[in-house]
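Coordinate analysis (summary)
In case you want the letters, here they are:
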Amino acid sequence: MELSRKTRTNTSGGRADRVAMKRIALAATALLAFNAWAPAQSSGVDLRGTVTDSANGERIPGANVLVAGTGRGWVTNVNGFYLIAAVPRGRRTVTASAVGYRPRTIEVSVAGAQPITLDITLVPRVIETSEVTIEGEKEEESLRRDASFHVVTAGGIEQIPSAAQSDLFRSMELLPGVGTTSDVNAKFYVRGGAGDQNLVLLDGMKLFNPFHAYGSFGVLDPSIIKSAQVYTGAFPATYGDRLSSVVDVTTRDGNRSNFSGNAGINFLSGSLGLEGPVMGDNSWLLSGRKSLFPETLEKLVPSAVPTSFYDLFFKGTAGSASQRVGVRGFINNDRITPADPLQPQHTWQSAAFAADVSGLITDRVYMDVTMSFSSSQIERTAGPASPVPDASSRIRDWTVRGELDAYPESQDHYAIGFESSFPTINDVLPTRAGINHAYDDSEGELWLWFRYLGAYGPVGLDAGFHTELRMISSAILGDQRAPLRQVLQPRIALSCALGDSWLVKAAYGVYTQNIITISNEDDLISLFDAWIYLPDQLRPEEADHYVLGVEGKITPRLSLSVEGYVKDYKSIALYNPDKIFPDDPDYLSGTGLSSGVETLVRYGSEFVDLYGAYVLSRARVTADNMTYAPRYDQTHTVKAMAVLHPAAGVDVTLRWEYGSGYPYTQSAGWYSPLALDGIGTDPFPAGEGESTRVLGGKNEARLPAYHRLDAAVAFRFALGGLRGSAGVNFLNVENAHNILYFDRSTGKTDYMMPFFPSAFTTVEF
């Protein structure tokens, strides 16, 4: 296809960026002034510190720290740091809890005027599910009240049955509202949104193409992941430039207690990780993974060709959570090399590097600044006799992101932040005439946000805005196309506690996006996803999110969550399948509406953990006077998982999924067009003309329903100084024939993953 957009470079952001930075500095000064006043008026003592893993010194993000009888508490940040301002003096009971760890209670004497440092270690639990751990004792109430929010832990990723190797994105498919269109593609779709509407962050670094070739698996080795925060909608003001979801991955820091490592092998790849302390509280981590058995992928993906890949991650941290410096980096490479000379070779390469500085800059203001670089490059090289032309796409992005968090005595929380980025895109794409077209674009962006969190009795409030400087400038200059809600992008979430066990949540937010991938949603497997900036006449894409839900405990072991959502796409860009001439647009302007209800039930005991979800949803897009269901629309979805613990160190997992059929376009009929070359010419010299297919309405029919049952058995073991696990996976136990592709020309049907057994083993030392 040809891109009709002109090459251009935007260099007007420099002066605006400097003005914006001055405004940020003024706002920061105001926060610091507030912080200087607050301690002087304090009626208590600040309590602060870190929450860490007792086994390896890992800092635990998202842990709850509560001071009993005071109504005060907070959640640890990504560095495991917490700060509770103005704790009343006296003998106090502090409780810390986190998913996957046993709660711990500590008695502390709160006295004097200086802040008290209380570092807390938690002991890991043996039994844990992908999202919630439940044993006999009552779980501590979570201080997080986010709507459409889930946590995926490393243990949860490993427990879910997998094809060849464990994978974060495959594990996320168990969450309500998250799905994919086939077994052979890990590219995910959230609540009726397209695949390029998901923001994926790795320790603050953007990952533009987070999948290995064919999209069968993600590029992140589960052994490096601490946890992933997944927002399936209505995400807070700290995130932007995506319409549907956020996957914010936090990696492990490395063992701060002693040198250790891990190694693993499965039917597809092998991995090796090393980590250890450096001079006290500092640590390092290095992990790599490489494909070993390419024939496995050929069994999973129909018509796959030999593929090799590797990924490498490193991380170093120095200092404590209250004053910390860190560096990290990630690279991956994929190569698809077909034996057929008619087929092109594909190479995928990605890299990301970052350095950050974080810590307390005053008693009650925490600063976090990250400088990062991300790149992604795809090359398609034609074979000796290949009719497919060469093509390439590269995106590089330099980003500086900063945030100030204030912890006032009132227990409210304020955060202001900015993100200055400069993406550069270089694409070489062929036109239909076979002529290469160069697309070059670079634009400076400056995003600003403000977030406030507060509690008013049983009611919690999370409110803020996320805006881009260029939108503010357009509004000031009177651009009628930029309504106020689009300029400010307000985000607001309310929660109300109903007694001790139930919580009602409601959220609303406005989201925009300026960058998309060149892709056709009808493609089953995309080997060439190139990022581009939207043409000016189509930007920005916009979606408004509405969420309402209730969650709570029916019994101490049984919990229920019901959440309804509406996603109103005010503006989206859709692939133009009817492009013929160079002047025809590549994309059409459209609108859309996605809605649904998600029900989630969880039960846990020392013998079994149960998880079940049912989703009723509907998605529609409208463009070029036509309304249709996108290919990833699925009306009914049922997901269920049971993890049994028949003996110590043994887990048996059963996972079942059902989904109503995805939409497709039927063949409505055939006809023989007349080929009149001139007067007196017989239009049917061979007795009939060449048959031409007529298609019915776009995506008006549905494929048969999808269903699949998976099983896994895992064993944990310890031999001397070695610990590890081994297990077997059985994918598609019923050998269900789920349709992947139907060739209209030949009548041949390709099916998704057949019954597939695999095995794995990991060793820690």
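One numbering rule holds for all chains: residues counted from 1, following each sequence as written. Only residues with pLDDT of 70 or above have their local features reported here, since the model is predicted, and side-chain atom pairs are shown and tallied only from 80 upward, although totals for entire chains, interfaces and linings are computed over all residues. With hydrogens and water set aside, each side-chain value is computed from the structure's full complement of heavy atoms.

Regarding the overall build of the protein chain
Formally: Think of it this way: any DSSP run of H or I at least four residues long counts as a helix, any run of E at least two long counts as a strand, and we number them from the N terminus. For the exposure calls, accessible area comes from a 1.4 Å probe over protein chains only, and a residue counts as buried if that area is under 20% of its type's maximum, exposed if over 50%, partly exposed in between. Contact criterion: two residues are considered in contact whenever any of their non-hydrogen atoms come within 4.5 Å of each other. Computed with a 1.4 Å probe, the accessible areas rest on the Shrake-Rupley method; for each residue, only the protein chains presented here act as cover.
Looking only at helices and strands, one finds 6 helices and 48 strands in the protein chain. Across the 765 residues of the protein chain, 55% fall into the buried class. Summarising the internal contacts of the protein chain: among those between residues at least 6 apart in sequence, 64% fall at separations of at least 24. With the model as given, the accessible surface of the protein chain reaches about 31,800 Å², and the carbon-plus-sulfur share is 60%.

Describing the sheet that holds strand S13 (residues 198-202)
Heads up, the rule is: Two strands pair under a simple rule: DSSP has to find at least two bridges between them.
An order of S10-S15-S16-S13-S14 is seen for the 5 strands of this open sheet, with the pairing classed as mixed. The strands lining the two open edges of the sheet, one partner per strand, are strand S10 (149-153) and strand S14 (205-206). Sheet analysis places strand S15 (residues 225-231) next to strand S16 (residues 245-251), joined by 6 bridges and oriented antiparallel. Each bridged residue has a counterpart across the sheet, and for Ala-228 the counterpart in S16 is Val-249.

Section: the side chain of Ser-758
Mapping Ser-758 onto the fold places it in strand S48 (residues 756-764). Once residues lying within four places of it in the same chain are set aside, the contact partners of Ser-758 are Ser-162, Ala-164, Phe-267, Gly-727, Val-728 and Asn-729.

Examining the nonpolar core
Inclusion rule: Residues grouped as a nonpolar core are buried Ala, Val, Leu, Ile, Met, Phe, Trp, Tyr and Cys residues, joined through side-chain atoms within 4.5 Å.
With 40 residues, the main nonpolar core has Tyr-214, Leu-300 and Tyr-587 as its most contacted residues. Looking at this core, the elements with two or more residues in it are helix H4 (294-300), strand S24 (391-406), strand S25 (413-430), strand S31 (515-518) and strand S32 (530-533). Broken down by element, this core gets its largest block of residues, 4 residues, from S32. Not counting chain neighbours up to four residues away, the residues in contact with Leu-300 comprise Ala-163, Val-184, Phe-217, Met-753 and Phe-756. Grouped together as the second largest cluster of nonpolar side chains are 35 residues, Leu-168, Met-172, Leu-202 and Tyr-611 included.

A closer look at a nonpolar patch on the surface
What counts here: Note on patches: the residues involved have over 30% relative accessible area and no salt bridge, like charges join within 9 Å, and the nonpolar side chains Val, Leu, Ile, Met, Phe, Trp and Tyr join within 5 Å. The rule for a salt bridge is simple: a side-chain nitrogen of Lys or Arg has to be within 4 Å of a carboxyl oxygen of Asp or Glu.
Judged by side-chain polarity, Phe-259, Leu-272, Leu-719, Leu-722 and Phe-765 come together as a nonpolar surface patch covering roughly 490 Å² of accessible area. Here Phe-259 shows up in the loop between S16 and strand S17 (260-266).

Observations regarding the packing of aromatic side chains
Put simply, the test is: Note on aromatic contacts: the rings of Phe and Tyr and the six-membered ring of Trp form a pair at centre separations within 6.5 Å, being stacked when their planes are under 30 degrees apart, edge-to-face when over 60 apart, and tilted otherwise.
Scanning all chains against the criterion turns up 17 aromatic pairs. Relative to Tyr-407, the ring of Trp-74 has its centre 6.3 Å away and its plane inclined at 85 degrees; by these criteria the two rings are edge-to-face. Taken together, the positions of Trp-74 in strand S4 (residues 72-75) and Tyr-407 in the loop between S24 and S25 put the pair 333 residues apart, joining distant regions of the chain. Assessed through its relative accessible area of 6%, Tyr-407 is described here as buried.

Some details on the confidence of the model for the protein chain
This is how the line gets drawn: Per-residue confidence from the predictor is given as pLDDT, running between 0 and 100.
Taken as a whole, the protein chain shows an average pLDDT of 84; of its residues, 86% reach a score of 70 or greater. Note that residues 1-27 has pLDDT below 50 and, in this model, 56 contacts with residues that lie over four places away or in other chains.

Some details on the sheet that holds strand S3 (residues 64-67)
Applied cut-off: The axes are straight lines fitted to the C-alpha atoms, using for helices just the contacting stretch, and the angles between their N-to-C directions are given from 0 to 180°.
The strand order across the open sheet built from 4 strands is S4-S3-S6-S7, with neighbouring strands paired in antiparallel fashion. Here the strands that pair on one side only, and so sit at the sheet edges, are S4 and strand S7 (104-110). The sheet shows a mean angle of 20 degrees between the axes of neighbouring strands, direction not considered. Summarising the sheet, strand S6 (residues 90-97) and S7 pair through 7 bridges and their orientation is antiparallel. When the sheet's bridge partners are listed, Gly-90 is paired in S7 with Val-110.

Brief notes about unusual backbone geometry
The omega torsion across Arg-539 and Pro-540 is -10 degrees, close enough to zero to call that bond cis. If you trace the backbone, Pro-540 turns up in the loop between S32 and strand S33 (541-555). Backbone geometry places Gln-489, a non-glycine residue, at a positive phi of 50 degrees. Its place among the elements puts Gln-489 in the loop between helix H6 (484-488) and strand S29 (490-498). Since its relative accessible area comes to 0%, Gln-489 is described here as buried.

Notes on the pairing of strand S22 (residues 345-362)
Here 14 bridges tie strand S21 (residues 323-336) to S22, and the two strands are oriented antiparallel to one another. The residue of S22 that forms the bridge with Gly-329 is Phe-353. Strand direction decides the pairing type here: S22 and strand S23 (residues 365-381), joined by 17 bridges, are antiparallel. Looking at S23, one finds that Ala-354 is bridged to Ser-372. Between the antiparallel neighbours S22 and S23 lie 2 residues.

So, the pattern of salt bridges
Under the defined criterion, the tally for this structure stands at 35 salt bridges. The partner of Arg-48 in a salt bridge is Asp-363, and the shortest N-O contact between them spans 4.0 Å. Pair noted here: Arg-48 is in strand S2 (residues 45-53) and Asp-363 is in the loop between S22 and S23, with a separation of 315 residues, a long-range link. Where Asp-544 meets Arg-485, a salt bridge forms, and the shortest distance between an N and an O atom there is 3.6 Å. Here Asp-544, found in strand S33, pairs with Arg-485, found in helix H6; they are 59 residues apart in sequence, far enough to count as distant. Take Arg-485: its relative accessible area is 30%, and that puts it in the partly exposed class. Salt bridges linked by common partners bring Arg-59, Asp-203, Asp-253, Arg-256, Asp-281, Lys-315 and Arg-324 together as one network.

A closer look at the pairing of strand S39 (residues 650-659)
Here 9 bridges tie strand S38 (residues 636-647) to S39, and the two strands are oriented antiparallel to one another. Each bridged residue has a counterpart across the sheet, and for Val-643 the counterpart in S39 is Thr-653. What sits between the antiparallel neighbours S38 and S39 is a turn of 2 residues, in which Gly-649 has the positive phi angle 80 degrees. Bridge analysis of S39 against strand S44 (residues 706-719) gives 10 bridges, and the strand direction is antiparallel. Bridge assignment links Arg-655 to a residue of S44, and that residue is Asp-710.

Side note on the environment of Ser-308
Structurally, Ser-308 can be placed in strand S20 (residues 307-320). In this structure the C-alpha to C-alpha distance between Ser-308 and Ser-269, which are 39 residues apart in sequence, comes to 9.6 Å. Residues in contact with Ser-308, not counting those within four places in the same chain, are Ser-291, Asn-333, Asp-334 and Arg-335.

Some details on the environment of Val-99
Looking at the secondary structure, you find Val-99 in the loop between S6 and S7. A relative accessible area of 37% places Val-99 in the partly exposed class.

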